2 protein chains.
Amino acid sequence: MAKPLPDRIKQYISGAPVGRIATVRPGGEPHVIPVCPVFDGDATLYVDLAPGSVSGRNVLANPRVTVLIDDYFDDWSKLRKVVLRCRARPVEGPEQNAAWERIRAKFPQYTSVDWQPRLTVALHIEGWLQEGLDS
Amino acid sequence: MAKPLPDRIKQYISGAPVGRIATVRPGGEPHVIPVCPVFDGDATLYVDLAPGSVSGRNVLANPRVTVLIDDYFDDWSKLRKVVLRCRARPVEGPEQNAAWERIRAKFPQYTSVDWQPRLTVALHIEGWLQEGLDS
C-alpha cells in the first residue's frame, strides 16, 4: 500500500469488534453492512460473508471494497475512524483455516449463532485514511 | 418506496446518533464514512457533508447512496440494523433550513465543532431491509 499502517492504527483495527463494509452492486449502487473482521496484523483483513447475501455477491462480482472502522461518541472531540480501501479475494484451504483460527479466538460468541465458514474473504488494504487516531 | 417504514423502524432511525453512509466514487469504488443524520419522520434523511470530501463529491456525481444504521453488541442475539437504499438530492433554501433546525435540535454538540451548513443532502429512502428490529 502507499504508506504502511502505523502501529497504533494496526492495534485499533485488531481490537475492533465491528466494522462496516461497503461494496458495490453490479448495477452501480452501493451497499453497506456491519461485519466482525479479523486482522492479520500486517495489511489484510478477513471477513466471512453469506454467499447468497448482497455483500457476498457483490465482492465476487467487484473486488473493490471499503471498510470503515470507527467509534462514535456524543463528545465529538473523541470521534475516530479509519477508512480502509481494499481489494477482496475469496480464500479457501490453509488461508481460510488461518482466518478462522483468528475468528474463533477473537469472537468466542461465534458458537452462539453456530457460525461456520462460508464465503471467507481476504481484504487486502491498498490505501487508508484516519481521523482522531493521531496519538 | 416499495413498503412503508413501520413505526418502530422510524423511531429507531429518528433516535440514531450515527449512521454509516456508503457512496460510490466516479471510478466505481465504494466509500463509507460515519454521519450524524436527521430524519423527517416519513421517508427522508438529511445529512450535511463537506463539499470537497470524497463523500460530498460522490453524491454530486452519483445520487445512489446507502445508509446503514445499526448497533453492535458483544451479545450477538441483540444485533440490529436497518439498511436504507436512498437517492441523494442537494437541498438549499427552506428545505436546508428545516434540515438544520432538526440538526441543531438533535445534535447540540454541533456548536462544539462550529458546524455550519455546507452541502446539505436529502436522502430519499426508496427501499430498506432490517434485522433484529421485529419487536
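Structure: see above.
Here is a short report on the structure shown in this document. (Residues numbered from 1 in each chain as written. Chains lettered and ligands numbered in written order. Predicted model: local features only at pLDDT ≥ 70, side-chain atom pairs only at ≥ 80, totals over all residues.)

## Remarks on the overall build of chain A
Within chain A, the secondary structure is distributed over three helices and seven strands. Listing every helix and strand of chain A by position from the N terminus yields α-β-β-β-β-α-β-β-α-β. Here the C-alpha atoms of chain A give a radius of gyration of 15 Å, agreeing with the 14 Å that 2.2 N^0.38 yields for 135 residues. When its C-alpha atoms are laid out on the principal axes, chain A stretches across 40 × 35 × 30 Å. With 135 residues in all, chain A has 35% of them scored as buried. (Helix = DSSP H or I, 4+ residues; strand = E, 2+ residues; numbered from the N terminus. Rg over C-alpha atoms; globule rule 2.2 N^0.38 Å. Buried ≥ 20, exposed ≤ 12 C-beta atoms within 10 Å, placed from the backbone.)

## Here's the deal with the relation of the copies chain B and chain A
When chain B is fitted to chain A, the residual RMSD is 0.0 Å, and the transformation amounts to a turn of 180 degrees plus an axial shift of 0.0 Å. Those values place the two copies in the arrangement expected of a two-fold rotation axis. A symmetric contact is evident, with 100% of the interface residues of chain B recurring at the interface of chain A. (Least-squares fit on C-alpha atoms with pLDDT ≥ 70 in both. Contact = placed C-beta atoms within 7 Å.)

## Some thoughts on unusual backbone geometry
Residue and element names in this part refer to chain A. The phi torsion at D114 lies on the positive side, around 55 degrees, for a residue other than glycine. Along the polypeptide, D114 turns up in the loop between helix 3 (93-106) and strand 7 (119-131). For D114, a count of 6 C-beta atoms within 10 Å corresponds to the exposed category.

## Quick look at the sheet that holds strand 6 (residues 80-90) of chain B
Residue and element names in this part refer to chain B. Taking strand neighbours across the sheet as the criterion, the seven strands line up as 2-1-5-6-7-4-3 in an open arrangement whose pairing is antiparallel. The two strands at the open ends of the sheet, each matched to only one other strand, are strand 2 (30-35) and strand 3 (38-39). Relative to strand 6, strand 5 (residues 64-71) is paired through eight bridges, and the arrangement is antiparallel. Residue R64 lies in a different strand from strand 6, and its bridge partner there is R87. This element, helix 1 (residues 7-15), spans strand 3, strand 5, strand 6 and strand 7 (119-131) of the sheet and lies at about 70 degrees to strand 6. Each of strand 1 (19-24), strand 2, strand 4 (44-49), strand 5, strand 6 and strand 7 touches helix 2 (residues 54-61); the most contacted strand, strand 1, lies at about 55 degrees to it. (Pairing = 2+ DSSP bridges. Axes fitted to C-alpha atoms, helices over the stretch in contact; angles between N-to-C directions.)

## Looking at the sheet that holds strand 4 (residues 44-49) of chain A
Residues and elements named next belong to chain A. One open sheet accounts for seven strands, arranged 2-1-5-6-7-4-3; its pairing is antiparallel. Here the strands that pair on one side only, and so sit at the sheet edges, are strand 2 (30-35) and strand 3 (38-39). Summarising the sheet, strand 1 (residues 19-24) and strand 2 pair through six bridges and their orientation is antiparallel. Paired with G19 across the strands is V35, a residue of strand 2. Across the sheet, helix 1 (residues 7-15) touches strand 3, strand 5 (64-71), strand 6 (80-90) and strand 7, and the angle it forms with strand 6 is around 70 degrees. Helix 2 (residues 54-61) contacts strand 1, strand 2, strand 4, strand 5, strand 6 and strand 7 of the sheet and is inclined by roughly 55 degrees relative to strand 1.

## Observations concerning the interface of chain B and chain A
On the side of chain A, 28 residues touch chain B, which itself brings 28 residues to the contact. When grouped by side-chain class, the residues that make up the side of chain B that touches chain A number 14 nonpolar, seven polar and seven charged. (Nonpolar A, V, L, I, M, F, W, Y, C, P; charged D, E, K, R; others polar.)

## A closer look at the pairing of strand 6 of chain A
For strand 6 of chain A and strand 7 of chain A, the ladder comprises ten bridges, and the chain directions are antiparallel. Note that in strand 7 of chain A the partner of A:R89 across the bridge is A:A122.

## Considering the pairing of strand 4 of chain A
Residues and elements named next belong to chain A. With five of its six residues buried, strand 4 lies for the most part within the structure. Relative to strand 4, strand 3 runs antiparallel, the two being bridged by two bridges. Paired with V38 across the two strands is Y46, which belongs to strand 4. Between strand 3 and strand 4, which pair antiparallel one after the other, the connecting turn spans four residues, and G41 there sits at a positive phi close to 85 degrees. As paired strands, strand 4 and strand 7 are joined by six bridges and run antiparallel to one another. Residue pairing in the sheet places D48 in a bridge with T120 of strand 7.

## Points about the environment of A:L49
All names here are of chain A. Within the secondary structure, L49 is located in strand 4. For L49, a count of 23 C-beta atoms within 10 Å translates into the label buried. The spatial distance from the C-alpha of L49 to the C-alpha of K78 is 31 Å, given a sequence separation of 29 residues. Setting aside chain neighbours within four positions, we find L49 in contact with S55, G56, V59, R118, L119 and V121.

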